[in-house]
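# Breakdown of the fold
In case you want the letters, here they are:
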Amino acid sequence: MSGSCVRRYARRHTRTRGDDEGSGRVRQDNATEVTAAGIARLAGVGRAAVSNWRRRHADFPKPVGGTETSPSFALAEVEAWLRNQGKLAEVPLRERVWQQLAGHPEGPVTALIHAGCVLLLIHDRPTVWLEVGAGSDERLAATLPGALEQVLAPRLGVNTPAHVNTPSAAAASPTVHGTPTSPATPPATPAVRLPTAPELLPSAPLLRGTAELAAELGARQTFEFLLGRHLDANPRQYTLTPAELARLMADLAELSGPARTVLDPACGTGALLRAVTPRPDQELYAQDSTPELAALTALRLALQTGAAVSGAVGDTLRADAHPGLRAHAVLCHPPFNERNWGHDELAYDPRWEFGFPARNESELAWVQHALARLRDGGTAVLLMPPAAASRRSGRRIRADLLRRGALRAVIALPVGAAPPYNIPLHLWVLRRPDRAPGQPEVLLADVGRFAGEGRGGPDWQAVRDAVLDAWRVHDRTGSLDERPGLARSLPVIELLDDDVDLAPARHLPPPTAADGAEQLTAVRERLGETLRLTADLTPPPADAAQPARWPLTTLGELARGGGLMVRTGGHGGHARVPVLTDHDVLAGTGPSGTLPESDEEAVLTEPGDVVVPVVGGGSIARVIDDATGGAALGRNLVLLRPDPTALDPWFLAGFLRGTANNRQASSYASTATRLDVRRLQLPRLPLDEQRRYGARFRALDEFERALRHAGRLGEQLVRGMYDGLTDGTVAPD
């Protein structure tokens, strides 16, 4: 894509918009709305500040929508008011485009699809976009559908308003490696529907802003930014597959050979297909029952890769869009525990070659669908609930999968690997049998030991290394030497009992218990050393003093004066950068979290920064040390970077932990307490005096860390003693 072309358009259109009365009327009738939270983000303040502005300023914009308790305001009016008040020099382009999308009159998903269509046009044919985008919003809306069809039909297949007897409808017919499916097969509904001129008209300001943003970031990065922000703003509406898990599943499918054709029959937002290694002449097939998700995935893949993308809308089990496909690989994160999956109407479906799934075994229906869409020797990797490995209602199908060599591995993941985060999900690796198995063995692995502490997620690098190494050996040789507590390959005949229970933990021997007593003795010695250190660090007796009457200032005043910089976390993520979470700050542990991948720049910590959680009502502040420096700042955290010539970081952190200070700066929602960091107070003291207080606060911090360490060692010793006594490796006397 030519960024210069798009920039030339943006400059030209800036002049055109101001002279077009019709365009102004459309934007007035379909004004983008923004909530109080959005206003706070625009101005870089807390929501409490927005409430104060509404009360104190009679000229603050009046609500134009929403509800009495959650009103919305016209973005243009808010932007003008903030600028007139000197609270905003210019709305950042990213934020302006996001607010236009979030406040779109037809909803953010429709806006995101419209933006994705235009970004694909900009990516593939930038000069066409320049021609279409010139002039008024009405002209843009009228000419854009024809231009979009030129790109969407050959790349994705597209539904047109007529839906029949059009080039795009013909292009939408499902194909298998370029060959149309049987005429008897009902045509699939393509994922992307061509928007009409009336539908595009309210989106015109958004599309122009999106084009400007694409000139800065690129078309793909712009779509990823907008999609990532939408998913992050609506976490309960989507069941996402974490990027690290998606990469692991794709690697498992591709270890035995390149995957030129890949299917995801429950694609969601496309995370699994995005993780596949791009290859020349690659074909990606996706289907989802939710039209919006299918459209977003198709656009996302088309922007990311040059592969042929075939996206379709429909219930995969009831209305398969790719019935003739024989793929090299199938990746799937199916919906769990669905009883209404088509049990009654699909009783005689030819896909059930391993047995007809029970009503409560929807996951085994997805397993057999995946196998039916594989070519001989192809690999499928599915994310499964652990109950699917042991429910009695599915034992006959599991037994047949084992006998015929279709099920090759069951891998138990750590808790927290994917939603639902409170249970250890499984990966099933399946292979379409290309010959009768001799004496097959199945790989059973359990990498639950690599679960992270708290909410940070597992140690993905350790999970990847353990899983891929075990699968690589098993796939090459058909067997794997026992790795106690981690993995083993088991002859299928040993699993074919009355239960056919495939839960790895029930078949893996415990880790080697040798030197268990010696290890517990070492833990006990470390605990004794830590307790002695804790005694040495215990603060001396407190000396009484009169209450101080210092002159006070707030963090907001210090930030305005340049004494410190305030940054909020959670704005971007990268797989290689550890993330410091609010739980890490509260628990005093190292960075353990992740953030959704985003092209938005993350806030990175530096030694000497002070990090404060803003949700929960606790009085906690943590000074970043060399070990933690460089981590990305997670959600619900605020970073304070003091000027070392004006503020001592330990003095800052210590006074921020005062109970009264936090109580005065806290506001209360219906379910949580939120801290307005800018209202926190500090005494005005000379730097030398700050350092005196800072040294005492630092000593208290060391004492607190020693107490936490002693607690963890004590828990480890107690747990180890219970385990040793119950498994016979520790004598009772």
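Residues numbered from 1 in each chain as written. Predicted model: local features only at pLDDT ≥ 70, side-chain atom pairs only at ≥ 80, totals over all residues. Heavy atoms only, no water.

In the nomenclature of an unreviewed UniProt entry, the protein chain corresponds to SAM-dependent methyltransferase from the organism Streptomyces cyaneochromogenes.

This brings us to the overall build of the protein chain. Summing up its helical and strand segments, the protein chain has 25 helices and 25 strands in all. Buried positions account for 51% of the 733 residues belonging to the protein chain. (Helix = DSSP H or I, 4+ residues; strand = E, 2+ residues; numbered from the N terminus. Buried < 20%, exposed > 50% of the residue type's maximum accessible area, 1.4 Å probe, protein only.)

This paragraph deals with helix α12 (residues 204–217). Between its first and last C-alpha, α12 extends 20 Å over 14 residues, near the 20 Å set by a 1.5 Å rise per residue. Summarising burial for α12: 12 of the 14 residues are buried, a large majority. (Expected span 1.5 Å × (residues − 1).)

Residue placement: R300 occurs in helix α16 (residues 291–304). Classification of R300 by relative accessible area gives buried; the value is 9%. From its side chain, R300 meets the backbone oxygen of T269 in a polar contact 2.7 Å long. Not counting residues up to four positions away in its chain, the partners in contact with R300 are F223, E224, L227, T269, G270, A271 and R274. (Polar contact = N/O pair within 3.5 Å; in protein donor to acceptor, adjacent residues only side chain to side chain. Contact = heavy atoms within 4.5 Å.)

Its location among the elements puts S72 in strand β3 (residues 71–74). Among the polar contacts made by the side chain of S72, one reaches the side chain of E33 at a distance of 2.7 Å. What S72 contacts, discounting residues up to four positions off in sequence, is E33, V34, P63, V64, G65 and G66.

Attention now moves to the packing of helix α7 (residues 108–124) against α16. The contact between α7 and α16 brings their axes to 10 Å, and the two run at 25°. Accordingly, the angle class assigned to the pair α7 and α16 is roughly parallel. Considering only the axes of α7 and α16, their crossing is left-handed. For the pair formed by α7 and α16, the contact residues are V109, L112, I113, G116, C117, L119, L120 and H123 on the first element and E292, A295, L296, L299, A302 and L303 on the second. Residues of the contact of α7 with α16, tallied by class, amount to 11 nonpolar, two polar and one charged. (Axes fitted to C-alpha atoms, helices over the stretch in contact; angles between N-to-C directions. Parallel < 35°, antiparallel > 145°, perpendicular 65-115°, else oblique. Left-handed = near helix turned anticlockwise from the far one by under 90°. Nonpolar A, V, L, I, M, F, W, Y, C, P; charged D, E, K, R; others polar.)

A few words now on the packing of aromatic side chains. Tallied over the full model, the rule gives 11 aromatic pairs. Counting every residue linked through ring pairs, the aromatic cluster contains W550, F651, F655, Y693 and F697. Above the ring of F225, the side-chain terminus of R94 is found at 5.3 Å from the ring centroid. (Phe/Tyr/Trp six-rings, centres within 6.5 Å; stacked < 30°, edge-to-face > 60°. Lys NZ or Arg CZ within 6 Å of the ring centre and 35° of its normal.)

Below, the discussion takes up the nonpolar core. A general tendency of soluble globular proteins is for nonpolar side chains to be buried together. Residues W129, L144, L252 and L427 are the most contacted members of the largest nonpolar core, which totals 100 residues. Among the elements that line this core, the one with the most residues is α7, at 11 residues. Each residue touching L427, except ones within four places of it in the same chain, is listed here: L245, L248, M249, L252, V381, L382, L383, A409, V410, I411 and L413. (Core = buried A, V, L, I, M, F, W, Y, C linked by side-chain atoms within 4.5 Å.)

Counted by the stated rule, this structure contains 34 salt bridges. A salt bridge links R83 to E79, with the shortest nitrogen-to-oxygen separation between them at 2.8 Å. Taken together, the positions of R83 and E79, both in helix α5 (residues 75–84) and four residues apart, correspond to about one turn of that helix. Taking relative accessible area as the criterion, R83 reaches 31% and is therefore assigned partly exposed. Judged by its relative accessible area of 13%, E79 is buried. (Salt bridge = Lys/Arg side-chain N within 4 Å of Asp/Glu carboxyl O.)

Within the open sheet, the four strands sit side by side as β17-β22-β19-β20. Their pairing is antiparallel. Here the strands that pair on one side only, and so sit at the sheet edges, are β17 (564–568) and β20 (622–623). Taken together, the two bridges between strand β19 (residues 610–613) and β20 define a ladder with antiparallel strand orientation. Bridge pairing links V610 to V623 in β20. Contacts from helix α23 (residues 649–656) reach β17, β19, β20 and β22 (637–642) within the one sheet, and its direction differs from that of β19 by about 15°. (Pairing = 2+ DSSP bridges.)

Before going further, it helps to spend a moment on the pairing of strand β8 (residues 283–288). Looking along a regular strand, one sees the side chains alternate between the two faces of the sheet. Most of β8 sits inside the fold, with six of its six residues counted as buried. Going residue by residue along β8, you find E283, Y285 and Q287 tucked away on one face and L284, A286 and D288 tucked away on the opposite face as well. Inspection of the sheet shows strand β7 (residues 261–264) paired to β8 by four bridges, in the parallel sense. Paired with V262 across the bridge in β8 is L284. Direction of pairing for β8 relative to strand β9 (residues 308–313): parallel, over a ladder of six bridges. Considered in β9, the bridge of A286 is made with G311. Between the parallel pair β8 and β9, the chain is carried across by α16, and the sense of this crossover is right-handed. (Right-handed = clockwise from strand over helix to strand, strands pointing away.)

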